Amino acid sequence: MYEQFTIPGRVAVVEHDGAQFLSVKNQLAEAEICLAGAHVTKFRPAGQEELLWMSPLSGYGVGKKIRGGVPVCWPWFSKNTENPDLPMHGFIRTMLWQLDSVKELPDGSTDAVLSIRDSEESRALWNHKFQLLLTVNIGSALTLKLKTVNTDDQPFTIGQALHTYFRVGDIAAVSIDGFDGKSCLNKVGDDFTQRGPIVIDKEVDEVFHDVPDGAVIHDASLKRDIVITKGNSRTSVVWNPWIAKSKSMADFPDDGYLTMVCVETTNALEDVRVVQPGETLEMTTAYALR
Ligand code: TA6
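Rules used throughout
- Residues numbered from 1 in each chain as written.
- Predicted model: local features only at pLDDT ≥ 70, side-chain atom pairs only at ≥ 80, totals over all residues.
- Heavy atoms only, no water.
- Near = heavy atom within 4 Å.
- Polar contact = N/O pair within 3.5 Å; in protein donor to acceptor, adjacent residues only side chain to side chain.
- Helix = DSSP H or I, 4+ residues; strand = E, 2+ residues; numbered from the N terminus.
- Buried < 20%, exposed > 50% of the residue type's maximum accessible area, 1.4 Å probe, protein only.
- Contact = heavy atoms within 4.5 Å.
- Core = buried A, V, L, I, M, F, W, Y, C linked by side-chain atoms within 4.5 Å.
- Pairing = 2+ DSSP bridges.
- Phe/Tyr/Trp six-rings, centres within 6.5 Å; stacked < 30°, edge-to-face > 60°.

Asks: Help me understand the site of the ligand in this model?
Replies: Taken together, 13 residues lie near the ligand, and R67, R93, H163, D205 and E264 sit nearest. Take H163: an N or O atom from its side chain is 2.9 Å from an oxygen atom of the ligand. Take E264: an N or O atom from its side chain is 2.9 Å from an oxygen atom of the ligand.

Below, the structure written as structure tokens:
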């Protein structure tokens, strides 16, 4: 399947862990994207260490939440406010997407486009017609563009997140800039306004308001910065499960909190978006090492 996209030594659809993955290698980086969930599970710029954190205990494939990489959370972020029995972070991340195109670009990067449309299954959960496209550019940076198309005759409201797990050398040597002076909804304590850089020394689950720009993860242990930029997103989430929550998740190693942090580009809370019939909405984010 998808043999038409094969470029020997550079592009192929491969199978492992019971799922299909698009594997991309070019002079600038290498990456893998699971077709179930259009989920980037690997991204390593040339000459650098892996950017993304992946749990060794994760499952893969249709119906399975992948723990790590870049979960695509849509058409809601976190719990569904009208029906908490619906899947956390929406339903699209466990559904099979189709691979539409793979293009090697003149700058040496590679563009992959995956898409999914509404189905009987999706309409049973969320009764709207849509097309969703994810464009992933694999270059010296990892760039993701998530485009929603309202193919229905009624407007709909979406929340969404690119819920990215970043790999760090040692969480104790990490600080995160970009949230100074920003207020947050704190899911594990009292709401507050951030002063200075974020450091992680306990469970952190914070949804920051009014964050139109990105952030920078300073990783003193791996001696690198992860520069996060974004577009059409005014909320961002910082999450680290810390000790107890790590132990409570079967697909998360007990010590996993020491080498990961999520910094998520979102349309969450007051930043949910209404998409009119025939209209599109695109949220973007990019990750570069320096
Ligand atoms: O974005 C942070 C968060 O909402 C946490 O509350 C935690 O639930 C995390 O997402 C992971 O959610 P998941 O459904 O992928 O286990």
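Asks: What is the right way to look at the side chain of N150 in this model?
Replies: With respect to the element layout, N150 can be found in strand β9 (residues 141-150). Among the residues examined, N150 registers a relative accessible area of 1% and is labelled buried. Of note is the side chain of N150, whose polar atom sits 2.9 Å from the backbone oxygen of Q154. Reaching out from N150, the side chain makes a polar contact with the backbone oxygen of Q276 at a distance of 3.4 Å. Ignoring any residue separated from it by four or fewer positions in sequence, one finds N150 in contact with K129, P155, F156, V275, Q276, P277, G278 and E279.

Asks: Got a minute to help me understand the nonpolar core in this structure?
Replies: Looking at soluble globular proteins, one finds that nonpolar side chains tend to be buried together. Of all hydrophobic cores here, the largest spans 65 residues; its most connected members are L22, I92, W97, I176 and I217. Top element by residues in this core is strand β8 (residues 130-138). It accounts for five residues.

Asks: What is the right way to read the sheet that holds strand β19 (residues 224-231) from this model?
Replies: The pairing of strands in a sheet happens through backbone hydrogen bonds and is either parallel or antiparallel. Taken in spatial order, the nine strands of this open sheet run β6-β7-β8-β9-β23-β19-β18-β13-β16, and their pairing is antiparallel. Both edges of this open sheet fall to β6 (98-104) and β16 (198-199), since each of them pairs with a single strand only. Here two bridges tie strand β13 (residues 174-177) to β16, and the two strands are oriented antiparallel to one another. Bridging across to β16, I176 finds its partner in I198.

Asks: Can you walk me through the packing of aromatic side chains in this structure?
Replies: In this structure the tally under the stated criterion is 16 aromatic pairs. Ring plane angle 75° and centroid distance 5.3 Å describe the contact between W74 and W126, whose orientation is recorded as edge-to-face. One end of the pair, W74, is in the loop between β5 (72-73) and β6; the other, W126, is in the loop between α1 (120-125) and β8, with 52 residues separating them in the sequence. Across this residue pair, the class does not change: W74 and W126 are buried. Centre to centre, the rings of Y165 and W239 are 6.0 Å apart; their planes meet at 85°, and the pair counts as edge-to-face. Taken together, the residues Y165 in strand β12 (residues 165-167) and W239 in strand β20 (residues 235-240) connect sequence positions 74 residues apart.

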